[in-house]
Each structure stands twice: as C-alpha cells, then as structure tokens.
Amino acid sequence: MSKLPTDEPPAAKKIDLDKRAIEILRENSWGDYTLPTKGLYPYQWNWDSMFVALGFSEIDLDRAWTEVESLFQGQWKNGMAAHIVFRRDSPSYFPGPKIWGGTHEVATSGCSQPPVAATIVRDLYEKDPQMGEERLRKLFPRLMRWHRWFHTMRVISGGAAIAVTHPWESGRDNSPDWDEALQNVDPTGVTPYQRKDLGHVDAEMRPTDAQYDRYIKLVEYGRNCGWDHSQITREGPFAVADPGITFILARADRDLRALARYLGARDSAREIDKWLRRSQLAADYLWNDQIDAYAARDLRTGRFSDGVSSVAFLSYYAGITRPRRDAKLQKTLTRILDSAPYSLPSFDPQHPKFDSRRYWRGPTWAIVNYLVARGLEEYGFAEKAQRIRLDTRKVIQNNGFYEYFDPITGAGSGGNHFTWTAAIWLAWASPMTDN
Ligand code: GLC
C-alpha cells in the first residue's frame, strides 16, 4: 500500500531546522543583544529579545542572561523598559531615535512592550539557580520598577486593566483591536515622513498608510509632552485597555513573586500580591459578553473591540479563572481552531475584518502560540495546547522561520530568518523538545 502524503518532512530535514534555528540566533546576534531580523528591524526590541533569551537558554544559558541584561540598558529612570533600544542609527528603519526624541541616556523609543521578561528570567533562573543567582539579584529590582511603572503609569484612576497608549506598545501593531480608537486620533499636521518598512516587505502584509500617519502622530504627541507617561495615559489621544498586556503582566507578576521568594524579598512580594489581586478586576473589565471572549476596551469611550484576538486566550497563562466564563471561552477557542487549519490566528477568521496575510489582523504568530499553549497546558487543556504546538511546528517545517504565517494556507509571511520564530522553535516547537 502506498504511503499517504503527510505534512511531516523527512527526519533529516528536522535536524537541519534545529541547526538552522541556532544559526539564525547567532547571525542576528550583535554582541550582547539580538535583532529581530536584519533590514526590517535593525535594533533591539523588548519582547523579541526575551523570546530570544528563551531560545538561547537551550544552547547557551550565559548568552541568554546577557540578552536580558542588555535590554535593561534601555530602562528609563521612571522604570519603563523601552520597546526599542536603538544604540545607533540605521537608515533601514523609520521612525529612528531622533523622531522618538527619547529622554533616556541610551537612545530608545518612548513606549514599552509586553512584559514577558520576568517570566523568562524565572525560566532561566530555574534552569540553573546557582549560575543565575547573582544575575537575578541585579535584575530583580529592575523588573520590580518596570512592573510598578505599568501598574501606576498605564492604569487610569479607579481601573485595573493595563492600557496601551500606542498600538506599538501592545506588540500587535495593526490589530483590529485598535481600529476604533485609532480612528479618533486626528492625523492632521503630521510631519511628512517616508515609510521604510515597505522597502522590505509587501505592502499588503503591512499596516496601511492611514494607520501609519496616526502611529507617527502619537509619537509626536509623546515627544511634545516630554514623554510624561502619566499625562499620556490620562489625556493622550489614544488609551486602550489591552488583554494582551494585562494578562502577560499578570503572569509576569506571578513569576516575579516567585523570584521575590527565592531572594527572600518580602516587601516586594507584598507589593506584588497587591498587583495580583487587581488582575482579577482587570479581567472582569475586559470580558465582552457579546463575543464570549476577553477583548480590548477603549478607555476614553468604554467601548469594546467586537472581534476575538488570540490574546483573549492568555487568561490561562495569566492564571485567571472564572469557571462559567471559561466554559464560554473554551467554546470560542474551539470555534476558532476549527476555522483555521494553521492556528492560532491572531484575529477571528469569521470576523469581516479578518485578513489572513496582514500582520496582526489574522496571521498566526509562533510567540503568541507559545504563550497561549503554555497557559492552556497548565490548566489541563492539553489537547488544544498540543494542536497549537503542532500547527506551529508544521508551518515552520513547511516554510522556514518566517515572522508570521497565513492561518488558512500556512504560507510564511513578513520578514524571513526571523529570530523569535527560530527561538520558539528551539524552546518549544521542534520535535527535539518532545519528551
Ligand atoms: C512588529 C511587531 C512587534 C515586534 C516588532 C519586532 O512591530 O508587531 O510585536 O516586537 O515588529 O519584531
């Protein structure tokens, strides 16, 4: 009987992929830090770097710690760990350090990004506590200050959910979650500029010009108020409570509390406990009954986004449970998994705004898959977690280490030789990680 074709490539190819993933990490590594990919993203990005650290921890734990330490060179006096650390100017990227006009001594952007760092630091530490202890002691106060910054600067009074004040802060640049709030940002008078991203990647895979004008307008607003983050959150043109950051921070708070215990830092543990109590309230605020999922919510109008983004399922990763709600959330997840052969799509394939190729409006991202599946696994949804993991494996095996993937066809899109995709392969998606 002839063998049916499968998605499984021959074993030899799998070994090559492990080797290739390591090469990508090394090729994109610039001494102490790693670029997401050459050309399109020529600096150090915050959450990219933390996934990179996870990848490096499989092959070189010392280098993994160094990646985290170098990110914190971009930490501001107010505690914010910046979303991009520039260090130098590169002509292939816009907007560069001058446009941001950051106030920190090392050139950075003026907003932050999803705080996966504390979770990854815990992973690194637990791999080899003896090796990590001194490094953890130095990093711990920095992580505390960054989390405190989120809990004070990105929450509006009386609220608990964490806001993003620029779509770039969410890490999900052009998600439909921001459409309505972004529409209310008036782009009139934006200083003329030239996009650089379109020189690297097809326009149909990237955010539109109308969105870009508003992104730049928001940067100009921040720069003009001297990056006063409290003012930006309270009165700026854009503030949306984000389930992505809210859940990632809640998880990171839990891991930071574990680190505080390792170090015997009791006062810090107490402060973190307070933050953690608020995360349940934040989840309540973000639950959208209309779509049976957590959703982004515009803090200026109170209105919800009406579509399901993949980050809605990070509540498990955050450690937040509400039995009746979870039953509904699981149904929503089943529906979405059933509608995308290469899951997890970043946006609901049944929603009119779904676009399978355009960045955060549909494509599957290995890093989000990793986070969502990690939470699902911890809560006993092993089958769904494994489905997401094997889909991640399949798209990488079939295409290589692309920035993201079409959830319907599985095709690779965006930048190639992408560091975080290689890192997730090494840490989680490769058959080498089966046990
Ligand atoms: C894009 C992504 C963001 C990522 C960055 C570098 O802006 O939306 O999540 O950190 O590229 O890869």
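Predicted, not measured: the structure shown is a model, and the values here were computed from it. (Residues numbered from 1 in each chain as written. Predicted model: local features only at pLDDT ≥ 70, side-chain atom pairs only at ≥ 80, totals over all residues. Heavy atoms only, no water.)

Glancing now at the pattern of salt bridges. Per the counting criterion, the structure on display carries 37 salt bridges. Residue Arg63 pairs with Glu67 through a salt bridge whose shortest N-O separation is 2.9 Å. Note that Arg63 and Glu67 are positioned in helix α3 (residues 61-71) at a spacing of four residues, about one turn of the helix. Its salt-bridge partner being Arg135, residue Glu69 comes within 2.8 Å of it at the nearest N-O pair. Within this pair, whereas Glu69 is found in helix α3, its partner Arg135 is found in helix α6 (residues 129-153), the two being separated by 66 residues in sequence. The exposure class assigned to Arg135 is buried, which follows from its relative accessible area of 19%. (Salt bridge = Lys/Arg side-chain N within 4 Å of Asp/Glu carboxyl O. Helix = DSSP H or I, 4+ residues; strand = E, 2+ residues; numbered from the N terminus. Buried < 20%, exposed > 50% of the residue type's maximum accessible area, 1.4 Å probe, protein only.)

Bringing the packing of aromatic side chains into the picture now. Applying the stated criterion to the full structure yields 34 aromatic pairs. A ring pair is formed by Trp100 and Trp168, whose centres lie 6.0 Å apart and whose planes are at 50°; its orientation type is tilted. Here Trp100, found in helix α4 (residues 97-100), pairs with Trp168, found in helix α7 (residues 167-170); they are 68 residues apart in sequence, far enough to count as distant. Seen from their ring centres, Tyr212 and Tyr215 are 5.4 Å apart, and the 65° between their planes marks the pair as edge-to-face. Note that Tyr212 and Tyr215 are positioned in helix α9 (residues 209-224) at a spacing of three residues, about one turn of the helix. For the residue pair Tyr212 and Tyr215, the accessibility class agrees, reading buried in each case. (Phe/Tyr/Trp six-rings, centres within 6.5 Å; stacked < 30°, edge-to-face > 60°.)

Below, the discussion takes up the sheet that holds strand β6 (residues 240-241). The sheet built from three strands is open, its strands ordered β5-β6-β9 with antiparallel pairing. The open sheet has two edge strands, β5 (163-164) and β9 (297-298), and neither has a second partner. Across two bridges, the pairing between β5 and β6 is antiparallel. Residue pairing in the sheet places Ala163 in a bridge with Ala241 of β6. (Pairing = 2+ DSSP bridges.)

Moving on to the nonpolar core. In this structure, Phe51, Phe72, Val116, Phe238, Leu256, Tyr294 and Ile367 are the most contacted members of the largest nonpolar core, which totals 139 residues. Looking at this core, the element that brings in the most residues is helix α11 (residues 243-263), giving ten residues. When residues no more than four places from it in sequence are discounted, the contact partners of Tyr294 are Pro243, Phe247, Ala283, Leu286, Trp287, Asn288, Ala312, Ser315, Ile320, Arg325 and Leu329. (Core = buried A, V, L, I, M, F, W, Y, C linked by side-chain atoms within 4.5 Å. Contact = heavy atoms within 4.5 Å.)

Attention now moves to the site of the ligand. Pro36, Tyr41, Trp45, Trp47, Asp48, Gln113, Gly171, Asp173, Tyr359, Trp360, Phe418 and Trp420 make up every residue found near the ligand. Here an oxygen atom of the ligand sits 2.9 Å away from a polar atom, N or O, in the side chain of Gln113. Side-chain polar atom of Trp360 to an oxygen atom of the ligand: 2.9 Å apart, as the coordinates give it. (Near = heavy atom within 4 Å. Polar contact = N/O pair within 3.5 Å; in protein donor to acceptor, adjacent residues only side chain to side chain.)

A few words on the side chain of Arg361. Inspection of the secondary structure puts Arg361 in the loop between α14 (323-339) and α15 (366-378). Arg361 gets classed as buried once you look at its relative accessible area, which sits at 10%. Within the local environment of Arg361, its side chain forms a polar contact with the side chain of Asp179, the two groups lying 2.8 Å apart. Contacts of Arg361, omitting those with residues within four sequence positions, involve Asn174, Ser175, Pro176, Asp179, Gln211, Ser346, Phe347, Lys353, Phe354 and Asp355.

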